[in-house]
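Tertiary structure, described
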Amino acid sequence: INYRLAPQNQFPAALHDALAAYLYLLNPPKDAGFEPLNPKNIVLAGDSAGGGLSLALGLAIRDARDTGLPSCAGIIGLSPWVDLTASTPSILDDECADYLPNLKGGGAAHFLESQASKEYKEKDAALVAKIKNQNLGPKIWHDSFDRPEGRLQLYVTNKGLAIPYVSPMLAESLGNLPPLLLIAGDDERLRDEAIYFAHRSAEPTKYKGPSYNAGKFEKSQFQTPTNTTFEIYEEMPHVFQFVDYACTKMLYERIAEFVNRVTNILNEPLPPSSFNYINLKGELSPLKERHKKVFNWEKIGIPHEMN
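The protein chain goes by Alpha/beta-hydrolase in an unreviewed UniProt entry, where it is assigned to Rhizophagus irregularis.

The structure is reproduced here in structure tokens:
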């Protein structure tokens, strides 16, 4: 999907485009050149920000189920970016061999000042003022979002960092989603948010998200565990699938198997949720102890301090 990009088009433009594309496939105009697709034959997929957008779209479709909008067959997230607060431990891990920079200050901090950036900041200030003056009801907010250095991400103002369609990892619940296949590299900075998202979706009653959402899961209508297959690949960086590593072919085969299962081509049931570490030889084992650090992280959804 050639969705609109930030900073020229901020949230929710990309989500609107993704949802419009999904609706177009389900109910195309007469001159589209194809018949309506069965949603059970549609698998959403994306990498990095696109992986986060795919999962955000899954949440939007789920949340609209009372309108009769049918769910897709499954969702694939390759190194998905699901926490725009950049709050998890691996973001700051100096042992990460990733090509992504340390995102402690958010993505917006890595762009040089220019005339375009000045105009962007002026528009951003006007947008924030407009939001403050509107009565939009309860906000998902933490004081750490109010930062003197300005916004964390070009995609959305700090006021919207914890909106579930912006940071899917922080949703009140990740239950009742279609089957998920989530992939991360062991040496990437987004590793921990993928780990936490996967466990929140498969075990929603156990992992309930940020402290400022306390008590909201119990009120959610989406408490059924999501079938989730999660895999971490040894020594791999962010979005390693586009480089010809030895494990890449294996991963593509696993993606094909997932698609065939969720679309019932194999006519076989999905296996139970699983969380695996895959070494350079392609051997599967349980996650390592270092992967579990995020489970005890008390600052989920709270940006790291700028010191």
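Continuing now.
**Considerations on the packing of helix 1 (residues 13–26) against helix 2 (residues 49–63)**
The N-to-C vectors of helix 1 and helix 2 enclose an angle of 65°; their axes lie 10 Å apart at closest approach. For the element pair helix 1 / helix 2, the angle class is roughly perpendicular. Crossing hand, helix 1 versus helix 2: right-handed. Along the contact surface, helix 1 presents A14, L15, A18, L19 and Y22, while helix 2 presents L53, A56, L57, A60 and I61.

**Focus: the packing of aromatic side chains**
Tallying each qualifying case throughout the model produces six aromatic pairs. Seen from their ring centres, Y207 and F295 are 5.1 Å apart, and the 40° between their planes marks the pair as tilted. A residue pair is termed long-range when its members are at least 10 positions apart, and Y207 in the loop between helix 4 (191–202) and strand 4 (228–233) and F295 in the segment after strand 6 (284–285) qualify at 88 residues. Classification of F295 as partly exposed rests on a relative accessible area of 22%. Ring centres 5.3 Å apart and planes at 45° place the aromatic pair Y233 and F240 in the tilted group. The buried category is assigned to F240, whose relative accessible area is 0%. One aromatic cluster in this structure is built from Y196, Y207 and F295. Above the ring of F222, the side-chain terminus of R62 is found at 4.0 Å from the ring centroid.

**As for the UniProt feature "domain: Alpha/beta hydrolase fold-3" (unreviewed entry) in the protein chain**
Within the UniProt annotation, "domain: Alpha/beta hydrolase fold-3" (unreviewed entry) is assigned to residues 1–98. Along residues 1–98 one finds 30% helix and 10% strand; the C-alpha atoms at either end are 27 Å apart.

**Brief notes about the pairing of strand 4**
A large share of strand 4 lies buried, amounting to six of its six residues. Side chains T228, F230 and I232 of strand 4 all project onto a buried face; the interleaved residues T229, E231 and Y233 project onto the opposite face, where all are buried too. As defined by bridge partners, strand 3 (residues 180–185) adjoins strand 4 across six bridges and the pair is classed as parallel. In the strand pairing of strand 4, G185 is matched with Y233.

**Here we look at the sheet that holds strand 3**
What the six strands build is an open sheet, ordered 1-2-3-4-5-6; its pairing is mixed. Both outer strands of the open sheet, strand 1 (43–47) and strand 6, are each paired with one neighbouring strand and no more. Taken together, the four bridges between strand 2 (residues 74–78) and strand 3 define a ladder with parallel strand orientation. Within strand 3, the position partnered with G77 by the bridge is L182.

**What about the pattern of salt bridges?**
All chains considered together, the criterion is met by 10 salt bridges. Residues D63 and R62 are paired through a salt bridge, measuring 2.9 Å at the closest nitrogen-oxygen approach. The buried category is assigned to R62, whose relative accessible area is 10%. Ionic pairing is found between R254 and E231, a salt bridge with its closest N-O pair at 2.5 Å. Taken together, the residues R254 in helix 5 (residues 246–262) and E231 in strand 4 connect sequence positions 23 residues apart. For E231, a relative accessible area of 1% puts it in the buried group. Overlapping salt bridges bring together D186, R191, D192 and R290 as one network.

Each value, and the rule that gives it
Residues numbered from 1 in each chain as written. Predicted model: local features only at pLDDT ≥ 70, side-chain atom pairs only at ≥ 80, totals over all residues. Heavy atoms only, no water. Axes fitted to C-alpha atoms, helices over the stretch in contact; angles between N-to-C directions. Helix = DSSP H or I, 4+ residues; strand = E, 2+ residues; numbered from the N terminus. Parallel < 35°, antiparallel > 145°, perpendicular 65-115°, else oblique. Left-handed = near helix turned anticlockwise from the far one by under 90°. Contact = heavy atoms within 4.5 Å. Phe/Tyr/Trp six-rings, centres within 6.5 Å; stacked < 30°, edge-to-face > 60°. Buried < 20%, exposed > 50% of the residue type's maximum accessible area, 1.4 Å probe, protein only. Lys NZ or Arg CZ within 6 Å of the ring centre and 35° of its normal. UniProt positions renumbered as here; feature names shortened; annotations may be inferred. Pairing = 2+ DSSP bridges. Salt bridge = Lys/Arg side-chain N within 4 Å of Asp/Glu carboxyl O.

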